Protein chains: 2
Amino acid sequence: MTLKPIGVIRAPFLEAKETPIQAALCPSAEALIELFPEFVPGLKDLEGFDRVWILCWLHQAAPARMVITPFLDDREHGVFATRSPSRPNPISLSCVRLLSVNANSLRIGGVDMLDQTPVLDIKPYVPAFDSFESKRIGWFENKELHPFRADNRFQLPH
Amino acid sequence: MTLKPIGVIRAPFLEAKETPIQAALCPSAEALIELFPEFVPGLKDLEGFDRVWILCWLHQAAPARMVITPFLDDREHGVFATRSPSRPNPISLSCVRLLSVNANSLRIGGVDMLDQTPVLDIKPYVPAFDSFESKRIGWFENKELHPFRADNRFQLPH
């Protein structure tokens, strides 16, 4: 189970501190994905989608702990009940707007990734597969989500 | 960038043929996730969520090609414009109903995973982060999605 990056994120965020904690919470932030040449043919027909999932390898995430205090609460929760970047497999999941596809690069909007983050996968966002009502959202209930930026608590020390 | 499984899927589907092509398309199918002991503390407070994302390593997927004919169409598309299991990094993304959490196992509903599939991550489904209207869905537009089962075209030969 070894991963190979398919490309890299070019974003204005250089460290976790002040980076949006979720793609959906900062719709105005834009980034580029630069795809490596061997993967560019895989973009065929992607321009027809409003939104895409971006899966990244969180190369700056500190080692996982199983119980953590997330950005949006002051109480501890199990890591799998949070969207914390420090996870046993530090894979992020971000639903972003697809602004344009140009040769080997994608311009995306609503981003929460650090510059230089390795990209693992791109999948089309299909509401029939991905969009659900969900009444019970655990400890997220009644949390104020906007606006919220990260701090360095889950980042590797420099 | 090396992955470690956090657990394993126990599901009624033994090969790709006849397995649902997407979790959302077979709400009646149920499975268990058996978590390995070191990761069980990470489940704290997960029972408060109706839905969770399951990320798996598609151990049965054949090597990726960049342009493929997906299950739902008879024309070729770039792999990143499809949800095909054969991808450069064969990581699946399934939004499932969380039916119960019991010690080291989760019962989930609406599944599309093969038995014995390694689980990489569990994340809570939070509509503010994950649920979006999306008008432009590329080649999926006007496709009949229900019911649809896979065949073995993306599976490793036995």
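Predicted model, so just to flag it, every value in this text is computed and none were measured. (Residues numbered from 1 in each chain as written. Chains lettered and ligands numbered in written order. Predicted model: local features only at pLDDT ≥ 70, side-chain atom pairs only at ≥ 80, totals over all residues. Heavy atoms only, no water.)

Notes on the environment of B:Gly7
Residue and element names in this part refer to chain B.
Next, step 1: Counting through the fold element by element, Gly-7 comes out in strand β1 (residues 7-10).
Next, step 2: On the accessibility criterion, Gly-7 (1% relative accessible area) is buried.
Next, step 3: Note: C-alpha distance between Gly-7 and Leu-58 (51 residues apart in sequence) is 13 Å.
Next, step 4: Not counting residues within four places of it along the chain, the set of residues in contact with Gly-7 comprises Glu-34, Leu-35, Phe-36, Thr-117, Pro-118 and Val-119. (Helix = DSSP H or I, 4+ residues; strand = E, 2+ residues; numbered from the N terminus. Buried < 20%, exposed > 50% of the residue type's maximum accessible area, 1.4 Å probe, protein only. Contact = heavy atoms within 4.5 Å.)

Quick notes on the confidence of the model for chain A
Next, step 1: Scored by pLDDT, chain A has a mean of 93; 99% of the residues are at 70 or more.
Next, step 2: Scoring the predicted complex yields pTM 0.95 and, for the interface, ipTM 0.94. (pLDDT = per-residue confidence, 0-100.)

Structural notes on the pairing of strand β8 (residues 118-124) of chain B
All names here are of chain B.
Next, step 1: Taking burial as the measure, the 7 residues of β8 include 7 buried ones, the bulk of the element.
Next, step 2: The pairing of β1 with β8 spans 2 bridges and is antiparallel. In the strand pairing of β8, Val-8 is matched with Pro-118.
Next, step 3: One ladder, built from 5 bridges, connects strand β3 (residues 51-57) with β8; its direction is antiparallel. Counted as the bridge partner of Ile-54 is Ile-122 from β8. (Pairing = 2+ DSSP bridges.)

Observations regarding the sheet that holds strand β3 (residues 51-57) of chain A
Next, step 1: One closed barrel holds the 6 strands; their spatial order is β1-β2-β7-β6-β3-β8 (chain A), and the pairing between them is antiparallel. In this sheet, neighbouring strand axes are inclined to one another by 45° on average, regardless of whether the strands run parallel or antiparallel. (Axes fitted to C-alpha atoms, helices over the stretch in contact; angles between N-to-C directions.)

Looking at the relation of the copies chain A and chain B
Next, step 1: Take chain A, turn it by 180°, move it 0.0 Å along the axis, and it overlays chain B with an RMSD of 0.0 Å. Both copies of the chain, as the preceding transformation shows, are related through a two-fold rotation axis.
Next, step 2: A share of 100% of interface residues in chain A that are also interface residues in chain B marks the association as one of identical surfaces. (Least-squares fit on C-alpha atoms with pLDDT ≥ 70 in both.)

Comments concerning the packing of aromatic side chains
Next, step 1: Within the structure shown, the criterion is met by 13 aromatic pairs over all chains.
Next, step 2: Measuring from centroid to centroid gives 5.3 Å for A:Phe71 and A:Phe154, while their planes differ by 75°, and the two rings are edge-to-face. In this pair, A:Phe71 sits in the loop between β4 (67-68) and β5 (77-78) while A:Phe154 sits in the segment after α1 (127-130), placing the two residues 83 residues apart along the sequence.
Next, step 3: With 5.7 Å between their ring centres and 85° between their planes, A:Phe140 and B:Phe129 make a pair best called edge-to-face. Here the residue A:Phe140 occupies a position in the segment after α1, and B:Phe129 occupies one in helix α1 (residues 127-130), the pair thus bridging two chains.
Next, step 4: On the accessibility criterion, B:Phe129 (3% relative accessible area) is buried.
Next, step 5: For A:Arg51, the ring lying beneath its charged end belongs to B:Phe132, and the centroid distance is 3.8 Å. (Phe/Tyr/Trp six-rings, centres within 6.5 Å; stacked < 30°, edge-to-face > 60°. Lys NZ or Arg CZ within 6 Å of the ring centre and 35° of its normal.)

Things to note about the pattern of salt bridges
Next, step 1: Per the stated rule, a full pass over the model turns up 22 salt bridges over all chains.
Next, step 2: In this structure, A:Arg75 and A:Asp73 form a salt bridge, with 3.9 Å as the shortest nitrogen-oxygen distance.
Next, step 3: Note on A:Asp73: relative accessible area 9%, which makes it buried.
Next, step 4: A:Arg87 is the partner of B:Asp121 in a salt bridge, and the nearest nitrogen-oxygen pair spans 2.7 Å. Of the two residues, B:Asp121 is situated in strand β8 and A:Arg87 in the loop between β5 and β6 (91-102); the pairing between them involves two chains. Taken individually, B:Asp121 and A:Arg87 each receive the classification buried, so the pair is uniform in this respect. (Salt bridge = Lys/Arg side-chain N within 4 Å of Asp/Glu carboxyl O.)

Thoughts on the pairing of β3(A)
Residues in a regular strand point their side chains to alternate faces of the sheet.
Next, step 1: In terms of burial, β3(A) is largely enclosed, as 7 of its 7 residues are buried.
Next, step 2: Burial along β3(A) is two-sided: A:Arg51, A:Trp53, A:Leu55 and A:Trp57 facing one way and A:Val52, A:Ile54 and A:Cys56 facing the other are all buried.

A few points about the interface of chain A and chain B
Next, step 1: Contact with chain A, which involves 67 residues of that partner, is made by 67 residues of chain B.
Next, step 2: Both faces considered, chain A and chain B share a buried interface measuring about 6,300 Å² in area, 64% of it formed by carbon and sulfur atoms.
Next, step 3: Among the residues chain A hides against chain B, the three largest losses belong to A:Met1, A:Phe80 and A:Phe129. Together they make up 15% of the total.
Next, step 4: Run the count over chain A and chain B and you get 6 salt bridges.
Next, step 5: For A:Arg136, the salt bridge identified is with B:Asp50, shortest N-O distance 3.2 Å.
Next, step 6: Linking chain A with chain B are 37 residue pairs in polar contact (both at pLDDT 80 or more).
Next, step 7: Counting only elements with at least two residues in the side of chain A that touches chain B, the list comes to β3, β5, β6, β8 (118-124) and α1 of chain A. (Buried area = accessible area lost by both parts, 1.4 Å probe. Polar contact = N/O pair within 3.5 Å; in protein donor to acceptor, adjacent residues only side chain to side chain.)

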